[in-house]
Amino acid sequence: MFFLVLAVVLTTTAFGAFRFFQSFVGPSQRVVELETENAKLQEELTKARLQREMDAATRSELENQLTTLNSELRRLREEVGFFKRSQPARR
């Protein structure tokens with residue numbers, strides 16, 4: 001009977017010690033996982049910000065080119081109109 005009680009006490013103590021140890025180790029592992037995930041998300045955020053800046057710069061450059069090309073098109077249309085008006089009428 002004594003050995004049975006001793007076995008139950010030792011088993012209960014071992015289980016309690018295991019749970020106690022797990023309560024300290026478990027959260028620290030979770031913290032490491034969260035820090036790793038946070039670092040990954042920070043890297044993705046940095047990449048997304050850089051991509052957004054590059055897209056904005058590209059868009060600005062394309063808008064400038066569009067303005068320049070529209071001005072050139074307007075000038076060329078005026079020249080074509082002038083040449084058409086300056087030619088004698090064909091019959």
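Look up a bit, the structure's there.
In what follows, the accompanying structure is described. Remember, it's a predicted structure, so these values are computed and weren't measured experimentally.

1. Regarding the overall build of the protein
- A count of helical and extended segments in the protein gives 1 helix and 0 strands.
- Taken over C-alpha atoms, the radius of gyration comes to 39 Å for the protein, far larger than the 12 Å a tight globule of 91 residues would show.
- If you line up the protein on its principal axes, its C-alpha atoms span 130 × 25 × 5 Å.
- Expressed as a percentage of its 91 residues, the buried residues of the protein come to 1%.
- For the protein, the exposed surface amounts to about 9000 Å²; the carbon and sulfur share of it is 64%.
- When the 14 positive and 12 negative side-chain charges of the protein are each reduced to one mean point, those points stand 13 Å apart.

2. Examining the pattern of salt bridges
- Counted according to the given criterion, the structure contains 5 salt bridges.
- For Arg30, the salt bridge identified is with Glu33, shortest N-O distance 3.5 Å. In this pair, Arg30 and Glu33 both sit in helix α1 (residues 2-86), 3 residues apart, roughly one turn of the helix.
- Classification of Arg30 as partly exposed rests on a relative accessible area of 44%.
- Its relative accessible area of 48% is what places Glu33 among the partly exposed residues.
- The partner of Arg75 in a salt bridge is Glu72, and the shortest N-O contact between them spans 2.6 Å. One end of the pair, Arg75, and the other, Glu72, are both in helix α1, 3 residues apart, so they sit about a helical turn from each other.
- Salt bridges linked by common partners bring Glu72, Arg75 and Glu79 together as one network.

The rules behind each value
- Residues numbered from 1 in each chain as written.
- Predicted model: local features only at pLDDT ≥ 70, side-chain atom pairs only at ≥ 80, totals over all residues.
- Heavy atoms only, no water.
- Helix = DSSP H or I, 4+ residues; strand = E, 2+ residues; numbered from the N terminus.
- Rg over C-alpha atoms; globule rule 2.2 N^0.38 Å.
- Buried < 20%, exposed > 50% of the residue type's maximum accessible area, 1.4 Å probe, protein only.
- Areas by Shrake-Rupley, 256 points an atom, 1.4 Å probe, with all protein chains shown as cover.
- Lys, Arg positive; Asp, Glu negative; His and termini not counted.
- Charge placed at Lys NZ, Arg CZ, Asp CG, Glu CD.
- Salt bridge = Lys/Arg side-chain N within 4 Å of Asp/Glu carboxyl O.

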